[in-house]
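Listed below, chain by chain, are the residues.
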Amino acid sequence: MRKAWDVTVNGVVHKVEYKTTFGVKILVNGNAYKTRSQNWFINMIDYPITIDGAEIRVVAIGNKVDLAVNGRYLGSGEEYVPLNKMPVVANVFVGISCIGGVLFAGWLGLLIGILFSFLYIKLGLRGKTGPLIATFAACVVILAALTYGMGQLWQALEYTYY
């Protein structure tokens, strides 16, 4: 994946690029900087760049990448929210959902855990802990139902073949 922006600071155009190959690279005017995700399960990068007093941030959550210049995202126009402002409980829920999903419901459970993780991050960045906890509870209920349903299916198949 590759994304590039041209940023004008004090009348000078600077090129900022985000590249993923085997790792993540941020290129600023051709100079490469390696970075890594702040989360083990979902790509979360908040890389700061300072050019002539302008604060620029490359922010990636999953496959969505945007550039924030002086507190505003260029793509969406929304206000920049640092990823480190996200409540710790959101990252804990990401880990529990992904690991619990794969342990109790296999690959389908992992997929459900990852999908819910994007919701945890979105709600966490907005600072809404009530809906965050409710979303985690919904994920747990869905994974439990999936685990129970898979157990019933295996049990039915076992009786059919013996």
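Above this note sits the structure.
Residues numbered from 1 in each chain as written. Predicted model: local features only at pLDDT ≥ 70, side-chain atom pairs only at ≥ 80, totals over all residues. Heavy atoms only, no water.

Undergrad: Got a minute to help me understand the side chain of E17 in this structure?
TA: When you line up the elements, E17 lands in strand β2 (residues 12-21). One polar contact links E17 to R2, side chain to side chain, over a distance of 2.5 Å. (Helix = DSSP H or I, 4+ residues; strand = E, 2+ residues; numbered from the N terminus. Polar contact = N/O pair within 3.5 Å; in protein donor to acceptor, adjacent residues only side chain to side chain.)

Undergrad: What is the right way to look at the sheet that holds strand β8 (residues 72-73) in this model?
TA: The strands that make up a sheet pair up through hydrogen bonds in the backbone, lying either parallel or antiparallel. Here four strands make up an open sheet; going across it, the order is β5-β6-β7-β8 and the pairing antiparallel. At either margin of the open sheet sits one strand with a lone partner, and together these are β5 (44-51) and β8. (Pairing = 2+ DSSP bridges.)

Undergrad: What is the right way to read the environment of F93 from this model?
TA: Here F93 shows up in helix α1 (residues 88-126). For F93, the residues in contact, after removing those within four places along its chain, are Y120, L132, I133 and F136. (Contact = heavy atoms within 4.5 Å.)

Undergrad: Which parts of the structure should I look at to understand the sheet that holds strand β4 (residues 31-35)?
TA: Overall, antiparallel pairing links the four strands, which are arranged β1-β2-β3-β4 in an open sheet. The sheet is open, and its two borders are formed by β1 (2-9) and β4, each paired with just one other strand. Between one strand axis and the next, the sheet turns through 20° on average, direction left out of account. Across six bridges, the pairing between β2 and strand β3 (residues 23-28) is antiparallel. When the bridges of β3 are listed, T21 appears paired with G23. (Axes fitted to C-alpha atoms, helices over the stretch in contact; angles between N-to-C directions.)

Undergrad: Would you take a moment to explain a nonpolar patch on the surface for this structure?
TA: On the surface, W40, F41, I99, V102, L103, F104 and W107 cluster together into a nonpolar patch covering about 930 Å² of accessible area. Secondary-structure assignment places V102 in helix α1. (Patch = residues over 30% accessible without salt bridge, like charges linked within 9 Å, V, L, I, M, F, W, Y side chains within 5 Å. Areas by Shrake-Rupley, 256 points an atom, 1.4 Å probe, with all protein chains shown as cover. Salt bridge = Lys/Arg side-chain N within 4 Å of Asp/Glu carboxyl O.)

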